[in-house]
Amino acid sequence: MLIKIEHPYPVRSSEITPEAQYWDRRQFMRMGAAAAGLALAGCAPEDPAENSKSPLSALKTVKTTNMAGSENITAYDDITHYNNFYEFGTGKTDPALNAATLRTRPWSVVVDGECEAPGVIDLEDLMRPHALEERVYRHRCVEAWSLVAPWVGFPLGDLLKRFKPTSKGKYVSFQTLLDERQMPETARGVLDFPYREGLRIDEALHPLAFLSVGLYGKVLPNQNGAPLRLTLPWKYGFKSIKSIVRIRFTERMPMTTWNQLAPNEYGFYANVNPTVDHPRWSQSRERRLGELFKRETLMFNGYPEVAPLYAGMDLRVNY
Ligand SMILES: Nc1nc2c(c(=O)[nH]1)N[C@H]1C(S)=C(S)[C@@H](COP(=O)(O)O)O[C@H]1N2
Ligand SMILES: [Mo]
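Okay, so let's go over this structure. It should be emphasised that the depicted structure is a prediction, and the values quoted were computed from it without experimental measurement.

A separate point is the pairing of strand 6 (residues 171–176). Burial of strand 6 is extensive: five of the six residues sit out of reach of the surface. In this structure, strand 6 lies alongside strand 7 (residues 196–200), joined through five bridges in antiparallel fashion. The residue bridging F174 from the neighbouring strand is E197, located in strand 7. Sheet analysis places strand 6 next to strand 11 (residues 244–250), joined by six bridges and oriented antiparallel. Each residue of the ladder has a partner; that of Y171, found in strand 11, is T250.

What follows deals with the site of ligand 1. Of all residues adjacent to ligand 1, which total 19 residues, the nearest are N83, Y86, E87, R229 and K242. Within the backbone of Y86, a nitrogen or oxygen atom sits 2.8 Å from an oxygen atom of ligand 1. A distance of 2.5 Å is found between an oxygen atom of ligand 1 and a side-chain nitrogen or oxygen belonging to R229. Its free accessible area being 530 Å², ligand 1 has 99% of it covered by the protein chains. Taken atom by atom, the bulk of ligand 1 overlaps the largest cavity. When the residues that make up the shell around ligand 1 are grouped by side-chain class, the tally is nine nonpolar, seven polar and three charged.

Before going further, it helps to examine empty space enclosed by the protein. Scanning the entire structure with this criterion turns up one cavity of 30 Å³ or more. What the largest cavity holds in volume is close to 330 Å³. Each residue belonging to the lining of the largest cavity can be placed in one class, and the counts come to 14 nonpolar, seven polar and three charged.

What counts as what
- Counting from 1, residues in each chain are numbered in the order their sequence is written.
- As a convention, the first chain written is A and the first ligand written is 1, with the rest following in written order.
- Predicted model: local features are reported for residues with pLDDT of at least 70 only, side-chain atom pairs are reported and counted for 80 or more only, and whole-chain, interface and lining totals are derived from all residues.
- In computing side-chain values, all of the structure's heavy atoms are included and hydrogens and water are not.
- Three exposure classes are used, based on accessible area relative to the maximum for each residue type with a 1.4 Å probe and protein chains only: buried under 20%, partly exposed in between, and exposed over 50%.
- Here a strand is any run of E in DSSP of at least two residues, a helix any run of H or I of at least four, and the numbering for each starts at the N terminus.
- Only strands that DSSP links by at least two bridges are regarded as paired with each other.
- Any residue with a heavy atom positioned within 4 Å of a molecule or strand is treated as near that molecule or strand.
- Pairing of N or O atoms within 3.5 Å defines a polar contact, subject to two protein rules: one partner must be a possible hydrogen donor and the other a possible acceptor, and residues neighboring in sequence count only if both atoms are side-chain atoms.
- For accessible areas, the Shrake-Rupley method is used with a probe of radius 1.4 Å. Any residue's cover is judged against the shown protein chains and nothing else.
- A cavity here means a set of 1 Å grid points, computed over protein atoms only, where a 1.4 Å probe fits but cannot escape. A pocket is an open set with protein on both sides within 12 Å along at least 5 of 7 lines, and lining residues have an atom within 4 Å of a point.
- The rule for placing a molecule in a cavity or pocket is simple: more than half of its atoms must lie within 2 Å of the grid points.
- Classification used: nonpolar for Ala, Val, Leu, Ile, Met, Phe, Trp, Tyr, Cys and Pro, charged for Asp, Glu, Lys and Arg, polar for all others including Gly.
- Grid points are joined across faces, edges and corners, and a volume is the space filled by probe spheres set on the points.

Here you go:
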């Protein structure tokens, strides 16, 4: 991001969870603890979520979709200890250290603007109509690190449609909680808090756009944006706003935090695009957390199905 801090990530390749192991684990769990316990004790695949001794509760999902091909799923410890969440500090390990002060219950979200059914809705009521599913997505930060994570949540569009956006609802804006008592770092003003993000309505309704409430089969850790965050796998990470308290339908393109701060560096669209460099560094390659060598960054982060959203647009201008 704007504040570029050199923070070489320690490579611990032993912590990579090969995809096969994660899926084996899911099968293992489906077999039932009683039968599997005896037969497979000692050779059960590692479960990084359990190894982390996460006290977070497990979430029931109806299906899993792997949207990262044969790529390894990043270790739970890496996904939860290398974060951007400036409300808890600008260092990559700060959110894991500091986000325990965030209170995620009770939690309510204001939905308003250009829609027929605005309201303040409690998180439980917000989630109730939605069956939770698991999506394995690539995530690419504008700072050129990346990861693959198994998120739990539901499609953003399913939620938005419940509020019946009107024909004037051409964009959706999102806002993060701002509470200095829970987020003491926000007093230092490194960003113009509250953190804000936005999407064009057709982007928000695209089936890939996801609202996450969990990670690795469990409730979302605070540092990853509990209790509710966007997950937009074809866009740079900063679009995936965390700890959302407000969703607003608007007629005009909304202001967003990074675009407002440095419009020449961070566009509104922020689609992952290896052919358009950041003014201060290349976007052609990335380093996956836990891996030694860089890999090529893919157009739309490897999600070409979103290309029709941008048909006819010059992606050099609309970066
Ligand atoms: N509220 C808020 N949301 C945020 C950020 C932030 O600083 N504050 N950082 C963004 C950036 S730059 C990235 S890369 C992702 C990181 O998500 P992760 O920590 O779950 O990997 O969160 C995004 N959402
Ligand atoms: Mo990012």
